[in-house]
Every structure is written in structure tokens, then in C-alpha cells.
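# Examining the three-dimensional arrangement
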Amino acid sequence: MRGIATVPTYVVMQPTTLCNLDCAYCYLPFRADDRKMSPAVAAAVAGPVNEWSRDSRFSVVWHGGEPLAAGREHLTELLRPFAPDVEHHLQTNATLIDDAWCEFFAANDIRVSVSVDGPRARNADRVTRGGRPSYDRIRRGIDALRRHGIPFSALCVVNRPAPGLATELYDYFLDLGCEVLGINIEETEGVNLRTNDHPAAAVRAFWAELVAAWRRDPRIHLREVEWSLRYAAAVLDGTADAVLPRQLDPIPTIGYDGSVVLLSPELAGFSDPRYGDFTSGNVLATPLPEILATAHRLGWIREFLDGVEACRSSCPYFGFCGGAHAANRFFEHGRFDGTQTNHCRNSKIRLLEGVLDHARDHERSAA
Ligand code: SF4
């Protein structure tokens, strides 16, 4: 894997900056403001996206703020210019989902992912703008999806890995009925300054316990564990070099105003005296393919590519990780050419170690 691809596999779209919740760990800087994407921005993105979707599977991920806070009418307008082949995904806090939204998801073939951190007591960080718990509203939204038979994924943020937590979470999500579960160990990024420095043994044990819970009843696709197993299988087959894509996916994030930030959606809305505002251009002024073709000229992206090369030459986990995310380097190190971050320790290194610990324990108990 070298350099940045000029054709992405997905784009992230910000239909509004607004979120109706105010989660304690949120990284978004403008979530109290209602700045909506214009249909002209959606049309400018749809042009190249429709072309790319003719050649291979292509996704648009609607992410916010809270995308449903843009309203159904407005989202309908934004979806209009996209060709039928384009896959639409939407990440939501679920609190606004009702029967009408479910009908909208079904009519537009939108794949829904809900953010929920486990049972009620685990959602203390997910509060309304008035600081009130949001769990009942989240559950009502998920219940509406279930009533309408709409399949959904779930994204769970883990604040502090501790013994017993992985089993509790897995059992909860099994009962919730999601098809895919992603687990994010909370990240120190954006406006969230809480620490993500956890004892290595606790994080490793968390992942090992999660694999054990999953193996007892593997009805859910468990994103991180499946990545790890795919990598482990490729190492055993001698095909590990083929696990990572040949080039980094640029992951264009299109802001409400058409500005484009590459590689890490979490950098959108931030600026730094050394790097400027991280934008690579605006789709209202420059076609997205042109922005992507010249991306490698930006100083912070060149520095990030140096960081990826430093990872390649120094980190035994590079074949699994590929150098992880630009935003974690920036928000943890203040620059892009460092290597290990707490994020990569929590979510790449300890993950792989935890999965292997589970395999070794299993082998020992089978012997
Ligand atoms: S695990 Fe961390 S240090 Fe290793 S390749 Fe990934 S980002 Fe780089």
C-alpha cells in the first residue's frame, strides 16, 4: 500500500452540522449549529459518484451532526441526484426515528447504522442538549426499525475497557437484533479531550473476552474481530500482503458547504497554524476528481504519508493496520508523521493481541 488512490470507495456527506444530542465524547465542533448542505453540493458530488458507481460498488455515507436533523424533505432533495446503483448508508443516534423515517429508509434503500453504547446504564454519556438521558428515545427509534423489519448495524463506543464489559455488550447487541456490530474504544480527538490512555492488559483482555462471547453465539458480524480473523487467516495462507488495498482510500468528507477534507472526517471544521483548515478544495468550485488528483500536494497529507512510511518500517502490525487514521495522529501528537497513538494501541495492536490471546487460551483448553 503506497500513496493515495484517486478514486475512493465511498464518500462521507454532512447533510447538516446540527445534532439534537450532546454526547460527552463527541468530537464535532459545530454540533449546536444548524448549517445545512445545499442541493447544489449534493449535485456536484453526485456527478463523479454516479460515474464511479458504474464501475464498481460505491457508497455514500450520510453522517452529521445528526443526519436526520436535516429533515426528510431536505434529505430527499440531497438524495435526488444520485444514480440508483449508489449505495446509501446513514449513521444516526436513532432518537428521531419513527414510522415515517422507517418508510423513508425503505423507500430509498438506505442502510442504517445506530449509535448506542449498550444497556441504559452504559449510555450515560449520550445526553440531550438539556443534559437529560437519551436512552429511552434511542430505544424507541430502534424499536421502530425492528417493527418495520429494517435491518440495522450498531456502533458502540467503549469508554473504559473492564472485565465483564465485553460479554455484557455482546449479549445486549445480540438481543437488540443488529446485523453488524462495530466497537470503538473512545478516541481523544476533535473537541473531545478525555484521555484514551488505558492499561494495555485491560484493553487486550476486553478484546479477548469479546471474541469468546462472539464464538459462543456468532449471530452478529463483529467488525473488528472479523477484520482480525481475516488478517490472521491471510498470514497463515501467505497472502497477508493482499489484505490492505494497494493505495490508501482518500475517504472524501464533504462538508455542508461543499468543502472537502480527505482521509479523516474528524479533521473537518478544524484548523491549525501549520496546516491551515485541512480542506483540499470545494466541490462547488472544483470537480471532486480534480481535488483527489492533486491531494498529495497538500503539506499535511505529505506529512501523513511520511508517517505511514514510518509505520511501515517500524511497526510489526502495519500489515493489519496500514498506518491507521490521520486525525488520531494530529489530535494525539499535534502532527502527522509520528507513529504509535493511543488509538492504534487500543484498536489495532491490543485488538490483534486480544484475538490471538483468545485463540491461544482456546487451544490450551482444547489440549
Ligand atoms: S498500529 Fe499504530 S504504529 Fe502500527 S502501523 Fe498502525 S498506526 Fe502505525
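On a predicted model such as this, the values are computed, not experimentally measured, just so you know.

Attention shifts here to the site of the ligand. Around the ligand sit Cys 311, Cys 315, Phe 318, Cys 321, Gly 323, Ala 324, Thr 339, Gln 340, Cys 344 and Ile 349, and those are all the residues in its vicinity. Those elements giving two or more residues to the shell around the ligand turn out to be helix H10 (318-321) and helix H12 (342-366). In terms of residue class, the shell around the ligand is made up of seven nonpolar, three polar and no charged.

A word on the nonpolar core. Ranked by size, the top nonpolar core spans 96 residues in total, and within it Met 13, Trp 62, Phe 82, Phe 105 and Phe 173 carry the most contacts. Sort the elements by how many residues they give to this core and helix H5 (residues 165-176) lands first, with eight residues. Counting eight residues, the second largest nonpolar core, distinct from the first, contains Cys 19, Cys 23, Cys 26 and Tyr 27.

Here the residue pair Gly 64 and Gly 65 is connected by a cis peptide bond, since its omega of 10 degrees sits within 30 degrees of zero. Position of Gly 65 among the secondary structure elements: in the loop between strand E2 (59-62) and helix H2 (72-79). In this structure, Asp 109 takes a positive phi of about 50 degrees despite not being glycine. When you line up the elements, Asp 109 lands in the loop between helix H3 (99-107) and strand E4 (110-115).

Turning to the environment of Tyr 135, a few remarks are in order. Counting through the fold element by element, Tyr 135 comes out in helix H4 (residues 135-147). A relative accessible area of 8% places Tyr 135 in the buried class. Between the C-alpha atom of Tyr 135 and that of Asp 257, which follows or precedes it by 122 residues, the distance is 32 Å.

Looking now at the pairing of strand E6 (residues 180-185). Where strand E5 (residues 152-158) lies against E6, six bridges are found, and the strand directions are parallel. Residue pairing across strands places Ser 153 opposite Val 180, the latter belonging to E6. In the classification by handedness, the crossover that spans E5, the intervening H5 and the parallel E6 is right-handed. One ladder, built from two bridges, connects E6 with strand E7 (residues 221-222); its direction is parallel. Bridge pairing links Leu 181 to Leu 222 in E7.

Moving on: the sheet that holds E7. The mixed open sheet is built from ten strands, whose spatial order is E7-E6-E5-E4-E3-E2-E1-E8-E9-E10. The open sheet has two edge strands, E7 and strand E10 (279-282), and neither has a second partner. Here strand E8 (residues 253-254) pairs with strand E9 (residues 259-261) via two bridges, running antiparallel. Considered in E9, the bridge of Thr 253 is made with Val 261. The sheet strands contacting H4 are E4 and E5, and the helix crosses E4 at an angle near 150 degrees.

Conventions used here
- Residues numbered from 1 in each chain as written.
- Predicted model: local features only at pLDDT ≥ 70, side-chain atom pairs only at ≥ 80, totals over all residues.
- Heavy atoms only, no water.
- Near = heavy atom within 4 Å.
- Helix = DSSP H or I, 4+ residues; strand = E, 2+ residues; numbered from the N terminus.
- Nonpolar A, V, L, I, M, F, W, Y, C, P; charged D, E, K, R; others polar.
- Core = buried A, V, L, I, M, F, W, Y, C linked by side-chain atoms within 4.5 Å.
- Buried < 20%, exposed > 50% of the residue type's maximum accessible area, 1.4 Å probe, protein only.
- Pairing = 2+ DSSP bridges.
- Right-handed = clockwise from strand over helix to strand, strands pointing away.
- Contact = heavy atoms within 4.5 Å.
- Axes fitted to C-alpha atoms, helices over the stretch in contact; angles between N-to-C directions.

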